[in-house]
Amino acid sequence: MNDIRPSWDEYFMNITKQVSQRSTCLRRKIGALLVCDKRILATGYNGAPSGIKHCYDVGCLREEKGIASGERHELCRGLHAEQNAIIQAALYGVAVKGASIYSTHQPCVLCAKMLINAGITEIFYEEGYPDSLSEELLSEAGIKVKKLSF
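Below is a short write-up of the structure. (Residues numbered from 1 in each chain as written. Predicted model: local features only at pLDDT ≥ 70, side-chain atom pairs only at ≥ 80, totals over all residues. Heavy atoms only, no water.)

1. A closer look at the side chain of asparagine 84
Threshold: Helix and strand assignments come from DSSP, with helices taken as H or I runs of at least 4 residues and strands as E runs of at least 2, each series counted from the N terminus. Accessible area is worked out with a 1.4 Å probe on protein chains only. A residue is then buried under 20% of its type maximum, exposed over 50%, and partly exposed in between.
Tracing the backbone through its elements, the reader meets asparagine 84 in helix α4 (residues 81-91). The exposure class assigned to asparagine 84 is buried, which follows from its relative accessible area of 13%.

Now the structure itself:
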């Protein structure tokens, strides 16, 4: 019998793409998945906090101000997918120490710092992101980072 099932990496990355479709960001849709022992712990996508108007409702402050990608993260209504995945796990009491994260995009420096402190051991992503400090910190922390392409 020919095994036509996707690999675990393909399976989880495909789910991140589905999760990203819930994004309310006008610039890019990002999805993230926290995984431990081949089990999904939590998901997250980029968008405004609960109860706050979304960018597609009120416009993108970053676009209005001409802010380049990878800069001035604080000038945004939304949380990043990785942040939302960590927050969702925390809300429901799910430990993420030792977990891996799959994300449609490479984490920014803010997410990298959160992932380091959350005890994430591996990061898998498909698309790059212009943030060399993120790469430097993750390397220094000894976190395995792998770009996937299918």
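2. Describing the pairing of strand β4 (residues 122-127)
Definition in use: Each pair of strands is called paired provided DSSP finds at least two bridges between the two strands. Orienting the strands away from the viewer, one traces the path from the first strand over the helix to the second; a clockwise path indicates a right-handed crossover.
As judged from the five bridges shared by strand β3 (residues 100-105) and β4, these two strands associate in the parallel manner. In the strand pairing of β4, serine 100 is matched with glutamate 122. Note that the unit made of β3, helix α5 (residues 109-118) and β4 has a crossover that is right-handed. Alignment of β4 against strand β5 (residues 144-147), held across four bridges, turns out to be parallel. The partner of isoleucine 123 across the bridge, within β5, is valine 145.

3. A closer look at the sheet that holds β5
Note the threshold: The axes are straight lines fitted to the C-alpha atoms, using for helices just the contacting stretch, and the angles between their N-to-C directions are given from 0 to 180°. Between two residues, a contact is recorded if the distance between any of their heavy atoms is within 4.5 Å.
Strand order in the open sheet made by the five strands is β2-β1-β3-β4-β5, with mixed pairing throughout. One side of each edge strand has no neighbouring strand; the edge strands of this open sheet are β2 (39-45) and β5. Taken over all neighbouring pairs, the strand axes of this sheet differ in orientation by 20° on average, direction set aside. The sheet contacts of helix α1 (residues 8-20) involve β1 (31-36), β2, β3 and β4, and relative to β3 the element is tilted by about 55°. On the sheet, α4 packs against β1, β2 and β3 and is oriented at approximately 130° with respect to β2.

4. Observations concerning the side chain of threonine 104
For threonine 104, the position within the fold is in strand β3. Exposure remark for threonine 104: the relative accessible area of 6% places this residue in the buried category. Those residues in contact with threonine 104 that lie beyond four places of it in its chain are Met13, Thr16, Lys17, Ser20, Lys29, Ile30, Gly31, Glu126 and Glu127.

5. Side note on the state of the cysteines
To be explicit about the condition: Pairs of cysteine sulfur atoms within 2.5 Å are identified as disulfides in what follows.
One pass over the structure, following the stated rule, counts zero disulfides. In this structure cysteine 25 is not part of a disulfide, and its nearest cysteine sulfur, from cysteine 55, lies 6.0 Å away. Relative accessible area serves as the criterion here: at 22%, cysteine 25 is assigned to the partly exposed category. For cysteine 36, which is in no disulfide, the shortest distance to another cysteine sulfur is to cysteine 111 and amounts to 20 Å.

6. Comments concerning the packing of aromatic side chains
Worth spelling out the cut-off: Here a pair means two rings of Phe, Tyr or Trp (six-membered ring of Trp) with centres within 6.5 Å. Their orientation is stacked below 30 degrees between planes, edge-to-face above 60, and tilted elsewhere.
In total, this model carries five aromatic pairs according to the counting rule given. Seen from their ring centres, phenylalanine 12 and tyrosine 102 are 5.2 Å apart, and the 45° between their planes marks the pair as tilted. Taken together, the positions of phenylalanine 12 in helix α1 and tyrosine 102 in strand β3 put the pair 90 residues apart, joining distant regions of the chain. Note on phenylalanine 12: relative accessible area 2%, which makes it buried. What makes tyrosine 102 buried here is its relative accessible area of 5%.

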